[in-house]
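Fold and geometry: a report
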Amino acid sequence: MGVLMRVVDRVVVLDHGEKIFDGKPADAQADKRVIEVYLGSEEAA
Amino acid sequence: MLELDAVSAGYKKGFQALFDVSMTVNAGEAVAVIGANGAGKTTLLRVISGLLPATRGAMRLGGPRSAGNASAQIIRPALLMCRKVALCFHAQRSEENLKMGAFIPSARAHYAERLDYVYGLFPRLKERRGQLAGTMSGARAADVRYRARADEPAETHSSRRAFDGVGAGDRAAGVRSRQADRDHTRC
């Protein structure tokens, strides 16, 4: 994941057939919905 | 440039896998499509590469183009779907694999010239032209995937790199530049 974020210019994130994010890798990693659906939620913290 | 405008697609029995997806990949840009299992990544790539017709929406690659075009037509402007697993015909020799890249008639005419070009990029492949692709290392097999696309003008290389990025999903190697490939080949 870290490597991917370094080499791509942009990230498109899909969830249940819909685009939920389109933008810079750094912004994807900070996006709440992206974290929830893809990176995994760590809300317990 | 690749442009998708509100593309929807699905499978049999009315199962819809993509809902109005719009996205753009500019020439030379590497874009990763990510998502959990079942999010629609593969379906999106199948639509882009023409393996699955879109049920709605439009797609353009370089110029006007509908989403319903057959795979062979889409290959012409240099769009290929590469799986992250090195996809070769294992029982064929490496040069026979390269020849598959010149499968469409317009490409066949320039096969010899393009083969020289590919061997220039990947000299090891020339040494191993007779080796069965299934017995090669992953790196060599990846080189073979740069098939001898004979009809492809040099200017489209940058855009193909972007599409490799789309196709490669979470594999960093899919967005290597050609220069990086040369370095890699020397290793």
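Residues numbered from 1 in each chain as written. Chains lettered and ligands numbered in written order. Predicted model: local features only at pLDDT ≥ 70, side-chain atom pairs only at ≥ 80, totals over all residues.

What about the overall build of chain B?
Applicable threshold: Secondary structure elements are taken from DSSP: a helix is a run of H or I of four residues or more, a strand is a run of E of two residues or more, and numbering for both begins at the N terminus. By definition, residue pairs are in contact when their C-beta atoms, positioned from the backbone, come within 7 Å.
Along the backbone of chain B there are nine helices and four strands. Each helix and strand of chain B, ordered N terminal to C terminal, gives the series β-β-β-α-β-α-α-α-α-α-α-α-α. Across chain B, contacts joining residues at least 24 apart in sequence account for 65% of those joining residues at least 6 apart.

Some details on the interface of chain A and chain B
Rules: In this classification, Asp, Glu, Lys and Arg are treated as charged, Ala, Val, Leu, Ile, Met, Phe, Trp, Tyr, Cys and Pro as nonpolar, and every other residue, Gly included, as polar.
Opposite the 18 residues of chain A that make contact, chain B presents 23 residues. Breaking the side of chain A that touches chain B down by element, the ones donating at least two residues are helix H1 (2–7), strand S1 (10–15), strand S2 (18–23) and helix H3 (32–39) of chain A. For the side of chain A that touches chain B, the residue count by class is 10 nonpolar, two polar and six charged.

Side note on the confidence of the model for chain B
All names here are of chain B. Put simply, the rule is: Known as pLDDT, the predictor's per-residue confidence is scaled from 0 to 100.
For chain B, the average pLDDT comes to 71, and 60% of its residues sit at 70 or higher. Ranking the elements of chain B by mean pLDDT puts helix H8 (residues 157–168) last, at 35, and strand S2 (residues 16–25) first, at 95. Contacts for the low-pLDDT stretch residues 150–187, under 50 throughout, to residues beyond four places or in other chains number 82 contacts. Both scores are available for the predicted complex, with the pTM at 0.56 and the ipTM at 0.83.

Some words on the pairing of strand S1 (residues 2–10) of chain B
All names here are of chain B. The condition is simple: A pair of strands is labelled paired if DSSP reports no fewer than 2 bridges between them.
As paired elements, S1 and S2 share six bridges and run antiparallel to each other. When the bridges of S2 are listed, Leu2 appears paired with Val25. Hairpin connection of S1 to S2: five residues between the antiparallel strands, including Lys13 at a positive phi of 60 degrees.

A closer look at the nonpolar core
Looking at soluble globular proteins, one finds that nonpolar side chains tend to be buried together. We count it as follows: Each nonpolar core comprises buried Ala, Val, Leu, Ile, Met, Phe, Trp, Tyr and Cys residues, the members being joined through C-beta atoms within 7 Å. Partly exposed residues are those falling between the two cut-offs: more than 12 but fewer than 20 other C-beta atoms within 10 Å of their own, whereas 20 or more means buried and 12 or fewer means exposed, with C-beta atoms placed from the backbone.
Membership of the largest hydrophobic core comes to 33 residues, with the highest contact counts inside it found for Val13(A), Val7(B), Leu44(B) and Val47(B). Elements with a contribution of two residues or more to this core: S1 and H3 of chain A together with S1, S2, strand S3 (31–35), helix H1 (41–48) and strand S4 (56–61) of chain B. Excluding its chain neighbours within four sequence positions, the residues that come into contact with Val13(A) are Ile20(A), Phe21(A), Ala28(A), Val34(A), Tyr38(A), Ile34(B) and Gly35(B). Judged by nonpolar contacts, the second largest core, of five residues, contains Leu115(B), Val118(B), Phe122(B) and Leu125(B).

A look at the sheet that holds S2(B)
Residue and element names in this part refer to chain B. Just so we agree on the cut-off: Think of each axis as a best-fit line through the C-alpha atoms, taken over the contacting stretch in the case of a helix, with angles from 0 to 180 degrees between the N-to-C directions.
The strand order across the open sheet built from three strands is S2-S1-S4, with neighbouring strands paired in antiparallel fashion. Sheet topology places S2 and S4 at the edges, where each strand pairs with a single neighbour. Within this sheet the neighbouring strands show an average axis-to-axis angle of 20 degrees, counted without direction. Against the sheet, H1 makes contact with S1, S2 and S4, and its axis sits at roughly 65 degrees relative to S2, the strand it touches most.

Considering H1(B)
Residues and elements named next belong to chain B. Of all eight residues in H1, seven are buried, a share of seventy percent or more. Within the span of H1, buried status applies to Lys41, Thr43, Leu44, Leu45, Arg46, Val47 and Ile48. Of the residues trailing H1, Gly50 is marked for its positive phi of about 85 degrees.

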